[in-house]
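Residue-level structure breakdown
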Amino acid sequence: MSGENKDEWSVAARAVRDGAAELRGLRTYTDYYRWAETHGLATRSLFRKFRAELLRQLDIDYDLLRVRAAGQRAETAAEAAREGPHIMLSAAGYGEEDRYAVCGPDGAPVWHGHFHIADRDHPRGDQQAADLGAAKKAVWLAGRTRAAVDADAATLHLTLSRENVESAALQRSCADALVVLDLSVAADNAAEDWSRRSGFRHWDADELAALIIPDGRVR
């Protein structure tokens, strides 16, 4: 273990030990994340150690709390989505060049370009990771669309190019976005072509309404 890594474990262990009484009184995973932020433990490296020390010292399973919360949000979204809008998107990644594309109902691109180097879902040359990252961007965009029309939840009809992304891999993203996922795979995915084109296009808040389709168009 490197000196720096050892120091981080000591910092995390001491923070949990000193804050044990307060930490035992928290209830949700977001409470624990805010506590970590307040105490300077919210970096990627330190937060992982903080979670481990929570479990080791206090038997508090942060990851389990988050999974349970995501499940509850998914159940709530499923009920609300019956009355919510339907959003249609397609997405594809291009692992060789670390690119992605998200297209709207008419096949026109609404968001495409290179993954940002600091993007948590940066594929680093892996095709499956590129497709997953593109799908997560589509889910996130559907969440923005839902919020833009002030809906409690929405249904996202998402088309991908390959059968290498399972719905389960998007569960947490969908729960965060308050969307229910209808996932399909099609060879004639418009996003596949756009993921291989040069250039960059950022999503536009003024165009989100165009991503919503009438119920009758749902495949």
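Reading the values: the criteria
- Residues numbered from 1 in each chain as written.
- Predicted model: local features only at pLDDT ≥ 70, side-chain atom pairs only at ≥ 80, totals over all residues.
- Heavy atoms only, no water.
- Buried < 20%, exposed > 50% of the residue type's maximum accessible area, 1.4 Å probe, protein only.
- Helix = DSSP H or I, 4+ residues; strand = E, 2+ residues; numbered from the N terminus.
- Pairing = 2+ DSSP bridges.
- Core = buried A, V, L, I, M, F, W, Y, C linked by side-chain atoms within 4.5 Å.
- Salt bridge = Lys/Arg side-chain N within 4 Å of Asp/Glu carboxyl O.
- Polar contact = N/O pair within 3.5 Å; in protein donor to acceptor, adjacent residues only side chain to side chain.
- Contact = heavy atoms within 4.5 Å.
- Phe/Tyr/Trp six-rings, centres within 6.5 Å; stacked < 30°, edge-to-face > 60°.
- Lys NZ or Arg CZ within 6 Å of the ring centre and 35° of its normal.

Observations concerning the pairing of strand 1 (residues 86-94)
- In terms of residue burial, strand 1 counts as a mostly covered element, since nine of its nine residues are buried.
- On strand 1, burial covers both faces: H86, M88, S90, A92 and Y94 on one face and I87, L89, A91 and G93 on the other are all buried.
- By the bridge criterion, five bridges tie strand 1 to strand 4 (residues 154-160) in an arrangement that is parallel. Looking at the pairing, L89 lines up with L158 of strand 4.
- In this sheet, strand 6 (residues 212-213) lies alongside strand 1 in antiparallel orientation, the contact comprising two bridges. Bridge pairing in strand 6 places I87 opposite I212.
- In this sheet, strand 2 (residues 99-103) lies alongside strand 1 in antiparallel orientation, the contact comprising five bridges. Considered in strand 2, the bridge of A91 is made with V102.
- Taking the residues that link successive antiparallel strands as the turn, the strand 1-strand 2 hairpin has four residues, and the phi of D98 there is positive, at about 55°.

Observations concerning the nonpolar core
- Ranked by internal contacts, the top residues of the largest apolar core, which has 27 residues, are L89, V102, L141, L156, L158 and V179.
- Of all elements in the fold, only strand 1, strand 2, strand 3 (109-114), helix 6 (127-148), strand 4 and helix 7 (171-177) reach the threshold of two or more residues within this core.
- If you tally residues by element for this core, the top one is helix 6, at seven residues.
- With 18 residues, the next largest nonpolar core counts V16, A20, Y29 and L54 among its residues.

Brief notes about the pattern of salt bridges
- Here the structure, examined in full by the defined rule, presents 12 salt bridges.
- With a closest N to O distance of 3.1 Å, K49 and E8 form a salt bridge. In this pair, K49 sits in helix 4 (residues 44-58) while E8 sits in helix 1 (residues 3-18), placing the two residues 41 residues apart along the sequence.
- A network of salt bridges, in which partner residues are shared, links D131, R162, E192 and R196.

Structural notes on the side chain of H122
- With respect to the secondary-structure elements, H122 resides in the loop between strand 3 and helix 6.
- Residue H122 is classed as buried on the basis of its relative accessible area of 12%.
- In this structure the side chain of H122 is engaged in a polar contact, spanning 3.1 Å, whose partner is the backbone nitrogen of R124.
- Excluding residues within four positions of it along the chain, H122 makes contact with D98, F115, H116 and I117.

As for the packing of aromatic side chains
- Overall, the coordinates contain nine aromatic pairs when judged by the stated rule.
- Pairing F47 with F50 gives two aromatic rings, centres 5.8 Å apart and planes at 35°, and the pair type is tilted. Of the two residues, F47 and F50 both sit in helix 4, three residues apart, roughly one turn of that helix.
- Residue classification places F47 among the buried positions, given a relative accessible area of 7%.
- Three or more aromatic residues link up through ring pairs in this structure, and these residues are Y29, Y33, W35, F47, F50 and Y62.
- Over the ring of W194 we find R197, and its NZ or CZ is 3.9 Å from the ring centre.

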